[in-house]
Amino acid sequence: MTHTYDWIVNFFTHERILSLIRSGVILAAGLLLARLLAGSIARMLSRYTSQPQQVLLRKIVFYLLAAVVVASSLRELGFQLSVLLGAAGVLTVALGFAAQTSASNIISGLFLLADRPFQIGDVIQVGETTGVVNSIELISVKLRTFQNALVRIPNEELIKSQVINLTSYPIRRIDIEVGVAYKENISRVRELLLEVADRNPLCLEEPAPLFIFKGYGESSLDLLFCVWCAKDNFLQLMNSIQEEIKLAFDKHNIEIPFPQRTLNVGAATEPFAVRLVEKS
Amino acid sequence: MTNRLDDNLVWWGNFSLAQGESGLWRIGPASFRIERLKCEWRILYDCSGEPQDNNAEVLVPLAQVTQPGPASSLTRFGAGGTVESLQISPALADRPVVIRPEVPFFVLPNEEVNFYAGTPLWFRVEVGKRRTLLQDAPIIRPSDTWFGPSTMEGELCYANRLFGKLEISELSFRPHRATTVILLRNKGRKSIRLERFNLPVPNLSLYQSAESRLWTQQVTLDLGDDEHTASLGFKPVAPAAAGKAKIVCEPRLKPDQNILTRAMNYLIS
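Given the structure is predicted, the values throughout are model-derived calculations rather than measurements. (Residues numbered from 1 in each chain as written. Chains lettered and ligands numbered in written order. Predicted model: local features only at pLDDT ≥ 70, side-chain atom pairs only at ≥ 80, totals over all residues. Heavy atoms only, no water.)

1. A look at the overall build of chain A
Thought 1: Scanning chain A from terminus to terminus reveals eight helices and eight strands.
Thought 2: On C-alpha atoms alone, chain A measures out to a radius of gyration of 35 Å, which is more than a quarter above the 19 Å that the 2.2 N^0.38 rule sets for 280 residues.
Thought 3: A buried classification covers 31% of the 280 residues belonging to chain A.
Thought 4: Considering only residue pairs separated by 6 or more positions, chain A has 61% of its internal contacts joining residues 24 or more positions apart.
Thought 5: Only carbon and sulfur atoms are counted for the fraction: they give 60% of the accessible area of chain A, which is about 19,000 Å².
Thought 6: When the 26 positive and 26 negative side-chain charges of chain A are each reduced to one mean point, those points stand 9 Å apart. (Helix = DSSP H or I, 4+ residues; strand = E, 2+ residues; numbered from the N terminus. Rg over C-alpha atoms; globule rule 2.2 N^0.38 Å. Buried < 20%, exposed > 50% of the residue type's maximum accessible area, 1.4 Å probe, protein only. Contact = heavy atoms within 4.5 Å. Areas by Shrake-Rupley, 256 points an atom, 1.4 Å probe, with all protein chains shown as cover. Lys, Arg positive; Asp, Glu negative; His and termini not counted. Charge placed at Lys NZ, Arg CZ, Asp CG, Glu CD.)

2. A short note on the domain arrangement of chain A
Thought 1: By domain assignment, chain A separates into domain 1 (2–98), domain 2 (117–165) and domain 3 (171–251).
Thought 2: Taken over C-alpha atoms, the centre of domain 2 of chain A sits 31 Å from the centre of domain 3 of chain A. (Domains from an automatic or database assignment.)

3. Quick look at the interface of chain B and chain A
Thought 1: On the chain A side, the residues contacting the 13 residues of chain B number 15 residues.
Thought 2: Its largest share of buried area at the contact with chain A, chain B owes to B:Asp144, B:Trp146 and B:Thr151, together 38% of the area lost on that side.
Thought 3: At the surface where chain B touches chain A, the tally comes to three salt bridges.
Thought 4: Put simply, A:Glu206 and B:Arg100 hold a salt bridge, and the shortest N to O gap is 3.2 Å.
Thought 5: Inspection of the chain B/chain A interface yields six residue pairs in polar contact (both at pLDDT 80 or more).
Thought 6: Going through the elements one at a time, strand S12 (144–147) and strand S13 (155–160) of chain B are the ones with two or more residues in the side of chain B that touches chain A. (Buried area = accessible area lost by both parts, 1.4 Å probe. Salt bridge = Lys/Arg side-chain N within 4 Å of Asp/Glu carboxyl O. Polar contact = N/O pair within 3.5 Å; in protein donor to acceptor, adjacent residues only side chain to side chain.)

4. Focus: the nonpolar core
Thought 1: Among the nonpolar cores identified, the biggest contains 54 residues, and B:Trp11, B:Trp25, B:Ile34, B:Leu86 and B:Phe123 are the most heavily contacted of them.
Thought 2: The element that contributes the greatest number of residues to this core is strand S10 (residues 111–127) of chain B, accounting for eight residues.
Thought 3: Those residues in contact with B:Leu86 that lie beyond four places of it in its chain are B:Gly13, B:Asn14, B:Phe15, B:Leu17, B:Trp25, B:Ile34, B:Trp41, B:Val125, B:Glu126 and B:Val127.
Thought 4: Formed by 24 residues, the second largest nonpolar core is a distinct cluster that contains A:Ile176, A:Val196, A:Leu221 and A:Ile241. (Core = buried A, V, L, I, M, F, W, Y, C linked by side-chain atoms within 4.5 Å.)

5. A look at the UniProt feature "domain: Mechanosensitive ion channel transmembrane helices 2/3" (unreviewed entry) in chain A
Thought 1: UniProt tags residues 59–100 of chain A as "domain: Mechanosensitive ion channel transmembrane helices 2/3" (unreviewed entry).
Thought 2: Between the end C-alpha atoms of residues 59–100 of chain A there is a gap of 21 Å, over a span that is 88% helix and 0% strand. (UniProt positions renumbered as here; feature names shortened; annotations may be inferred.)

6. Some thoughts on the pairing of strand S3 (residues 140–145) of chain A
Residue and element names in this part refer to chain A.
Thought 1: For strand S2 (residues 129–136) and S3, the ladder comprises five bridges, and the chain directions are antiparallel. If you follow Val 132 over to S3, its bridge partner there is Arg 144.
Thought 2: Counted between consecutive antiparallel strands, the loop separating S2 from S3 contains three residues.
Thought 3: Judged from the five bridges that link them, S3 and strand S4 (residues 150–154) form a sheet pairing that is antiparallel. The partner of Ser 140 across the bridge, within S4, is Pro 154. (Pairing = 2+ DSSP bridges.)

7. Observations concerning the packing of helix H7 (residues 186–199) of chain A against helix H8 (residues 234–251) of chain A
All names here are of chain A.
Thought 1: Where H7 contacts H8, the axes come no closer than 10 Å and their chain directions differ by 135°. Between H7 and H8, the angle is such that the two are oblique. Handedness of the crossing formed by H7 with H8: right-handed. Residues Val 189, Leu 192, Leu 193, Val 196 and Ala 197 of H7 lie in contact with H8, whose contacting residues are Ile 241, Glu 244, Ile 245, Ala 248 and Phe 249. (Axes fitted to C-alpha atoms, helices over the stretch in contact; angles between N-to-C directions. Parallel < 35°, antiparallel > 145°, perpendicular 65-115°, else oblique. Left-handed = near helix turned anticlockwise from the far one by under 90°.)

8. Some thoughts on the environment of A:Leu202
Thought 1: With respect to the element layout, A:Leu202 can be found in the loop between H7 and strand S7 (210–216).
Thought 2: For A:Leu202, a relative accessible area of 10% corresponds to the buried category.
Thought 3: Separated by twelve residues in the primary sequence, A:Leu202 and A:Lys214 place their C-alpha atoms 25 Å from one another.
Thought 4: A:Leu202 has contacts with A:Trp228, A:Cys229, A:Asn233, A:Gln236, A:Leu237, B:Arg141 and B:Asp144, leaving out every residue within four places of it along the chain.

9. With respect to the pairing of strand S6 (residues 171–180) of chain A
Residues and elements named next belong to chain A.
Thought 1: Of all ten residues in S6, seven are buried, a share of seventy percent or more.
Thought 2: Sheet topology places S6 next to strand S8 (residues 221–230); ten bridges connect them, and they run antiparallel. Across the sheet, residue Ile 174 finds its bridge partner in S8, namely Val 227.

10. As for a nonpolar patch on the surface
Thought 1: Together, A:Leu263, A:Val265, A:Phe272, A:Val274 and A:Leu276 make up a nonpolar patch on the protein surface, roughly 610 Å² of accessible area in all.
Thought 2: Relative to the assigned elements, A:Leu276 resides in the segment after H8. (Patch = residues over 30% accessible without salt bridge, like charges linked within 9 Å, V, L, I, M, F, W, Y side chains within 5 Å.)

11. Points about the sheet that holds S2(A)
Residue and element names in this part refer to chain A.
Thought 1: The five strands are arranged S4-S3-S2-S1-S5 in an open sheet whose pairing can be described as antiparallel. Each of the sheet's edge strands pairs with one partner strand only, and the pair in question is S4 and strand S5 (163–165). Across the sheet, the axes of successive neighbouring strands diverge by a mean angle of 40°, strand direction being ignored.

12. Some details on helix H3 (residues 51–76) of chain A
Residues and elements named next belong to chain A.
Thought 1: Compared with the 38 Å implied by 1.5 Å per residue over 26 residues, the 37 Å span of H3 between its first and last C-alpha is a close match.
Thought 2: Every buried residue of H3 is accounted for by Pro 52, Gln 53, Gln 54, Leu 56, Val 61, Phe 62, Ala 66, Val 69 and Ser 73.
Thought 3: In this structure, the buried side of H3 is in contact with helix H2 (15–44), helix H5 (100–115) and S2.
Thought 4: Gly 78, located one to two residues past H3, shows a positive phi value of around 105°. (Expected span 1.5 Å × (residues − 1).)

13. Quick word on unusual backbone geometry
Residues and elements named next belong to chain A.
Thought 1: Here the bond from Glu 206 into Pro 207 is cis, since omega is -5°, no more than 30 degrees from zero.
Thought 2: Positionally, Pro 207 belongs in the loop between H7 and S7.
Thought 3: At Asn 148, a residue that is not glycine, the phi angle is positive and equals roughly 65°.
Thought 4: Relative to the helices and strands, Asn 148 resides in the loop between S3 and S4.
Thought 5: Phi at Asn 253 is positive, roughly 55°, even though this residue is not glycine.
Thought 6: Along the polypeptide, Asn 253 turns up in the segment after H8.

14. A short note on the pattern of salt bridges
Thought 1: Under the criterion given, the structure shown has 22 salt bridges over all chains.
Thought 2: B:Glu126 is paired through a salt bridge with B:Arg131; the nearest N and O atoms lie 3.0 Å apart.
Thought 3: On the basis of relative accessibility, which here comes to 41%, the residue B:Arg131 falls in the partly exposed class.
Thought 4: Note that B:Arg252 is salt-bridged to B:Asp136, the shortest N-O span being 2.8 Å. Residue B:Arg252 is located in the loop between strand S21 (246–249) and strand S22 (259–263), and its partner B:Asp136 is located in strand S11 (residues 132–138); the two are separated by 116 residues in the primary sequence.
Thought 5: Accessibility expressed as a relative area gives 26% for B:Asp136, which makes it partly exposed.
Thought 6: The network of salt bridges with common partners includes A:Glu205, A:Glu206, B:Arg100 and B:Arg196.

See below:
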């Protein structure tokens, strides 16, 4: 009995075991403290930072503190930190070569978080992809397209390419291209379009609708009519106003012409044979 | 019960509907038909009336239910069981209203001028003792507009082109609009041009005068030579023009104070 007791006492008072216990306590308490501290710092700065920035800040603070805690824990176990740091340096170089793309994405992610060209919930267009920003992470940004597909775009690509944020500002402009027949009175058409915009409550009164006579097209007088709306009403107004323009044109006999071609027979060819058909 | 606004009708108030009955509130060109079923309230909205119609009519209970027209929109509200009591009340718009004069309007230096502007009303339907809100919708949906120094900065408002009269005798009261008295005071040495004015109606209370007209609190806009700031004050009582009036609707947003000082381009432009 006494032998067993002595063995237990010797075991727990042995230098190595004591180091192991101290190391374990440092690791457990240190990591817990690091987590709490990282959360508190992120919360303290929450008024000045966006949600993705808070997540990043929490991670950076946690991993830095965790590195210190692990180093202290290893030191307690008797490891020489200078050797470890040397090995870590070599390892970092090796990892850096192996993970060039990931590192580039992380650095791009940091730039994106600092630059804040978009926020979670914004609708952005990158190349041919348009969707709502679901998450902004260190490596990539995830979009939900309007077809309800998830698209993951690496941060490096976002930094390199043109990103259009469609919902950055509270109001948006809808550009409607419309052509009318050459016989139509432009002033009358302009008046009609402005009336249509005036009647639609989703169409903003200010900034006022813009009418531009673009020029003489092949088959029509080309017009551009621009109206403004709240960003949430974009699709609704896009549909309703185009329908209303068509109805107004039909009501007032304004012709939207089909593409036309005038064929001239050159002097060197025979004239077209024309067959007259009686109207039934 | 059939009444007209000219006969001092108030279309708001407490009503009772038995199960299976309907009521009709015709306010200007818009109409609301409310139907009480066993486990459901139905509100049918139609705005296909004559735009210049200034009459109001309440039919409770509705003797003959007609088929809804093509422009009607129906909303249904489910409940375990419906109750008899129904409260109909007017409310002011849920966003500021931008008042724009039809022609350029200047306030001369060291002068003050009272003008009267009509603002759109909302139709609010509540049921039961706990006043459960069923609907809070515009009687006639006003057009949206943007008010601010640029397309990036500003706020979404409702547009109001019916600029106010300067004489109370010129006022024409309409059942779907409330009247606001705006006192413009130019304390500066230059005339100030008023192109647009942002009236923060969600901060205003709504009053009913003895003649059953609806008025908002009076608003005072102080302008001076300092082009950067203007101050807007609201008196917490009905305007003197309304006579003896009682409150019918509290402001949607309680202002922190009764004076709002803002950069001038956020109030007028």
